[in-house]
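Listed here are the chains, written in short residue letters.
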Amino acid sequence: MAHPRGRPVVSPNLLLDQHVRERVAAGQDVLHLGFGESRLPPPRVLVDRLAAGAVHQDYGPVAGRPVVRAEAAGYFARRGLPTAPDQVLLGPGAKALLLAVLAAVPGDVVLPTPCWVTYAPQTRLLGRRAVRVRAPEGCGGVPDPDGLARAVPAARAAGADPRLLVLTLPDNPTGALAPPGLVRDVCAVAARFGLLVVSDEIYRDLLHDPAAAVLSPAEALPERTVVLTGLSKSLSLGGWRVGVVRFPDGSGGRTLRERVTALASESWSALAGPQQEVARVAFAEPPEVRDHVRASARLHGAVTAAVASLFRAAGARCPEPGGGFYLYPDLEALRPVLASRGVVDSPSLQRMLLDDFGVAVLGGHNFGDDPGALRFRAATSLLHGATPKERRAVLRAADPVAAPPVARALTRLRAVLGELASPSCGAAWVRGAR
Ligand SMILES: Cc1ncc(COP(=O)(O)O)c(C=O)c1O
């Protein structure tokens, strides 16, 4: 979606995935690093609950059944955020909930650069302005605190009215996990300017180091932080559309919750009954669910680390991700050789990788980054195999990087990156000659 007065545009990641599906249907062998979707087989207990949840055919309360909200509240409490069930509202994915939260709060929206593809289009869709602040070097998901402190008054002087700040921990597209000190500093600046923080924590359970220190902005700035999460990433349930929002305690949080509840009541009414039954069990985190999430995080950590080292070996800058399944390589060091292939910016880099090498990635321009830079997002979540059986084996493998589907993808990527740095033409890749 573009500006309300502009031509509507389908979200670039969904558009790219559709395009890749068409290429694959036409017989092309695409290395799909372009879509942040995990297709790992979900825990059996949740599949069973989805079927059993069919009995919930009533609309039910807008915010979700009290028993489900109580489990979601428990989920947050176990992460250092004491939560009452009425601070929680369930909805059809974090994306829809984000739109409802943005719609419920007037004012313009401060976004880190780069940031998830959807934040800026949702902002524009609501007729608001996006105020951009770069993330600190080597980080992502949060703006540089000094940059934020300069950007808010500058935006106000220019006639904008920034009142919200969206943070992502861990981040999409960079995979970075902002360190607690940085989160604290950013929250202090947000408090100074009276910003409401929306903390998108949908990748929080996919930390690569289970002992990594995470500070939710809702701990640093409890009265002014809304937290979003869902089941799409850690439980690979994107298509089931389950999200949850946690409002701050206190009168400001209550007012916001009432506004979002009103919006929900006039849009999706309530999360689908069977999905609520899934959410009830998922947020209760029985051993089978915990085990699945832990195994997924371990897998994503191993695969992203292996892919990052391939990019680095090819000369790219590629910080080690802290969570989730994304990398954000910078191919600046390869600019001269890329220029000889006609690649001068991230749109041409994205095009060339797909057309010449059959590698799908999303250029940094889709995340609000400078289009002139040679950065892109590589998602590793679709490298785990073509069938549920393969993906189950990869999830359980002692060394997932050596599991056949992952090893094949890594071998291909290594060869593509090797060829990229050399002047010969890569068109043979697309024809499937290699
Ligand atoms: C940062 C971030 N937030 C939210 C979402 C969407 O989540 P959901 O499937 O719950 O709408 C995504 C999915 O890509 C994401 O990367």
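Residues numbered from 1 in each chain as written. Predicted model: local features only at pLDDT ≥ 70, side-chain atom pairs only at ≥ 80, totals over all residues. Heavy atoms only, no water.

Caption draft 1: Structural context of the overall build of the protein. The helix and strand tally for the protein stands at 15 helices and 12 strands. Here the C-alpha radius of gyration of the protein, 21 Å, is about what a compact globule of 434 residues would show, namely 22 Å. A buried classification covers 57% of the 434 residues belonging to the protein. Here the contacts in the protein between residues at least 6 apart in sequence split such that 73% fall between residues at least 24 apart. For the protein, the accessible area works out to roughly 16,900 Å², and carbon and sulfur atoms hold 56% of it. Averaging the positions of the 50 positive and the 39 negative side-chain charges in the protein gives two centres separated by 2 Å. (Helix = DSSP H or I, 4+ residues; strand = E, 2+ residues; numbered from the N terminus. Rg over C-alpha atoms; globule rule 2.2 N^0.38 Å. Buried < 20%, exposed > 50% of the residue type's maximum accessible area, 1.4 Å probe, protein only. Contact = heavy atoms within 4.5 Å. Areas by Shrake-Rupley, 256 points an atom, 1.4 Å probe, with all protein chains shown as cover. Lys, Arg positive; Asp, Glu negative; His and termini not counted. Charge placed at Lys NZ, Arg CZ, Asp CG, Glu CD.)

Caption draft 2: Representation of the environment of glutamate 37. Among the secondary structure elements, glutamate 37 is positioned in the loop between strand S1 (31-32) and helix H2 (44-52). The class for glutamate 37 is partly exposed, based on a relative accessible area of 25%. Between the C-alpha atom of glutamate 37 and that of serine 232, which follows or precedes it by 195 residues, the distance is 7.9 Å. Here glutamate 37 is in contact with Arg21, Phe325, Ser381 and Leu382, once residues within four sequence places are set aside. In terms of polar contacts, glutamate 37 uses its side chain to reach the side chain of arginine 39, at 2.5 Å. (Polar contact = N/O pair within 3.5 Å; in protein donor to acceptor, adjacent residues only side chain to side chain.)

Caption draft 3: Focus on the domain arrangement of the protein. Once the domains are mapped, the protein shows domain 1 (12-41 + 288-429) and domain 2 (45-286). Each of domain 1 and domain 2 has a C-alpha centre, and these two points are 26 Å apart. Taken together, the contact pairs 34 residues of domain 1 with 34 residues of domain 2. Approximately 2,700 Å² of surface area, both sides summed, lies buried where domain 1 meets domain 2, with 56% of it carried by carbon and sulfur atoms. Sorting the residues of domain 1 by area buried against domain 2 places Val289, Tyr326 and Phe367 first, and these three jointly supply 21% of that buried surface. Applying the counting criterion to the domain 1 and domain 2 interface returns 2 salt bridges. (Domains from an automatic or database assignment. Buried area = accessible area lost by both parts, 1.4 Å probe. Salt bridge = Lys/Arg side-chain N within 4 Å of Asp/Glu carboxyl O.)

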